[in-house]
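Each chain, written out:
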Amino acid sequence: MAETHDLVIIGGGPAGLTAYLYAARARLDCVLVEKTSPGGQVLVTDLVENYPGFPEPLSGFELMDRFVAQVKKLGLQTISGEVVRLEIEGERKKIVFDDGRVLQAQAVIIATGARPNRLGVPGEEEFLGKGVSYCATCDGPFFRDQEVAVVGGGNTAVQEAIFLTKFAKRVYLIHRRDQLRAQKILQERALANEKITILWNRVVEEIFGQDQVEGVRLKNVKTGETETLKVQGVFIFVGISPQSEFVRGILPLDERGFIITDCEMRTEVPGVFAAGDVRAKACRQIVTAAGDGATAAFMAEHYLSQK
Amino acid sequence: MGVVHVTDQNFEKEVLQSDIPVLVDFWAAWCGPCRAIAPIIEELAEEYAGKLKVCKMNVDENPITPGKFGIRAIPTLIFFKNGQPVDMITGAVAKSTIENVIQRLLSS
């Protein structure tokens, strides 16, 4: 007989931890499944300036330490492992792990978040950890007084480009369009930063080097011209993809793989909820993930009480 | 035996001259994903005690060894056997992913 709980929350980022907070306060029998340890994507954020209630910016892991400390007060129970499949057997849900372990639950909240997209260019895989990075806070300090490229034009790309100027002597921000998507406050800072050079209308075609990254080959999408740029590091922030493979074919997903829910976090399957970045929605922020988590736990409690 | 904290000074003795295979976790305090995998590294040290030596090296305090291995990203896990690096994982991954490499290392 598999271990059984009223509610299993999959994923320990802001959505999963907030869901746990509300579920524990509702005295539900609940466990949280996490593949490494709680924190999620926020762990790689250098400064969080837009989480309400914290007027002084704090690092992503300081904020997540506080989330974890708060749920630990309520007796956080975690199970470590990677979920590979969700099985629906009527009202019973089975959560299957990569090593074959199975958990049973009456209700499930999926809060597995998202991961950074790959660019999909030659050299990207080869130089991972050798100059190619998806985490400026982890790897930025290795590029002191060097020149680096940041690829992307959204909030993460611009924020991390600014962060990297603490270390690198020059940061090239490579963007395929002629304007940034990032929030205006970030754009203003990037444009005012003398260490940042924005290369508009360009895409990376190749990352090259011997043992380590030595440069990138760029193509101007307006003129078709190519050029090489010598850099020692390439930081890639070109959007995210949902970690929803384990429910493909079981829950309706949108064209990019995000889980479709109603505004109360309910998926098509009764008793299965989705919250945070893995969910199809327009705005993916820490505060919206937390909000989703609270709603999902509230609805899970309601679902369990109706049975 | 738990996790052994190694330095540039004792890396040769603790890692390269170890009688059993060694896992070295290169980390730093500034790195969120390093924190995320820290509990897993502790667990592995307990679970494979006697078969695998599990070490951590702070790259902030020890610049020489990470430089030698060309480390430009953390967390990086390097697996050593008979003084040679034989496998590497970059980034925070699930425990099972690390264990797959350990199994391969111990059975080869």
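Each remark here, short or long, concerns the structure printed above.
Residues numbered from 1 in each chain as written. Chains lettered and ligands numbered in written order. Predicted model: local features only at pLDDT ≥ 70, side-chain atom pairs only at ≥ 80, totals over all residues.

(A) Looking closely at the sheet that holds strand E11 (residues 196-199) of chain A. Residue and element names in this part refer to chain A. On the basis of which strands lie adjacent, the open sheet formed by five strands has the order E8-E15-E9-E10-E11 and parallel pairing. Lying at the two open borders of the sheet, with one neighbouring strand each, are strand E8 (132-133) and E11. Note: strand E10 (residues 170-174) against E11, four bridges, orientation parallel. Across the sheet, residue Ile 174 finds its bridge partner in E11, namely Leu 199. Contacting strand E9 (147-151), E10, E11 and strand E15 (233-236), helix H4 (residues 155-164) runs over the sheet at an angle of about 170 degrees to E9. (Pairing = 2+ DSSP bridges. Helix = DSSP H or I, 4+ residues; strand = E, 2+ residues; numbered from the N terminus. Contact = placed C-beta atoms within 7 Å. Axes fitted to C-alpha atoms, helices over the stretch in contact; angles between N-to-C directions.)

(B) Expanded view of helix H2 (residues 60-72) of chain A. Compared with the 18 Å implied by 1.5 Å per residue over 13 residues, the 18 Å span of H2(A) between its first and last C-alpha is a close match. Looking at the buried positions of H2(A), the neighbouring elements they touch are helix H1 (14-25) of chain A together with helix H2 (32-47) of chain B. (Expected span 1.5 Å × (residues − 1).)

(C) Broad picture of the sheet that holds strand E12 (residues 202-209) of chain A. All names here are of chain A. Spatially, the three strands line up as an open sheet ordered E12-E13-E14, and their pairing is antiparallel. Lying at the two open borders of the sheet, with one neighbouring strand each, are E12 and strand E14 (226-230). Going across the sheet, the axis of each strand differs from the next one's by a mean of 25 degrees, ignoring polarity. Note: E12 against strand E13 (residues 213-220), seven bridges, orientation antiparallel. Considered in E13, the bridge of Phe 208 is made with Gly 215.

(D) Inspection of the pairing of E11(A) at higher detail. Taking every second residue as pointing to the same face, the buried face of E11(A) carries Ile196(A) and Ile198(A), while none of Thr197(A) and Leu199(A) on the other face is buried. Traced from E10(A) through helix H5 (residues 184-192) of chain A to E11(A), the parallel crossover comes out right-handed. (Buried ≥ 20, exposed ≤ 12 C-beta atoms within 10 Å, placed from the backbone. Right-handed = clockwise from strand over helix to strand, strands pointing away.)

(E) The arrangement of the packing of H4(A) against H5(A) in detail. Residues and elements named next belong to chain A. Between H4 and H5, whose axes approach to 9 Å, the crossing angle comes to 40 degrees. Note that H4 runs across H5; the crossing there is left-handed. The residues of H5 that touch H4, namely those facing Asn 155, Val 158, Gln 159, Ala 161 and Ile 162, are Leu 186, Gln 187, Arg 189 and Ala 190. (Left-handed = near helix turned anticlockwise from the far one by under 90°.)

(F) Representation of the nonpolar core. Residue and element names in this part refer to chain A. Judged by nonpolar contacts, the single largest core of 126 residues is most densely connected at Ile 9, Ala 19, Ile 109, Val 150 and Val 151. Counting residues per element, this core draws most heavily on H1, at eight residues. For this core, the two domains that each supply at least three residues are domain 1 (3-116 + 240-305) and domain 2 (132-236). Contacts of Ala 19, omitting those with residues within four sequence positions, involve Ile 9, Ile 109, Ala 111, Ala 275, Gly 293, Ala 296 and Ala 297. (Core = buried A, V, L, I, M, F, W, Y, C linked by C-beta atoms within 7 Å. Domains from an automatic or database assignment.)

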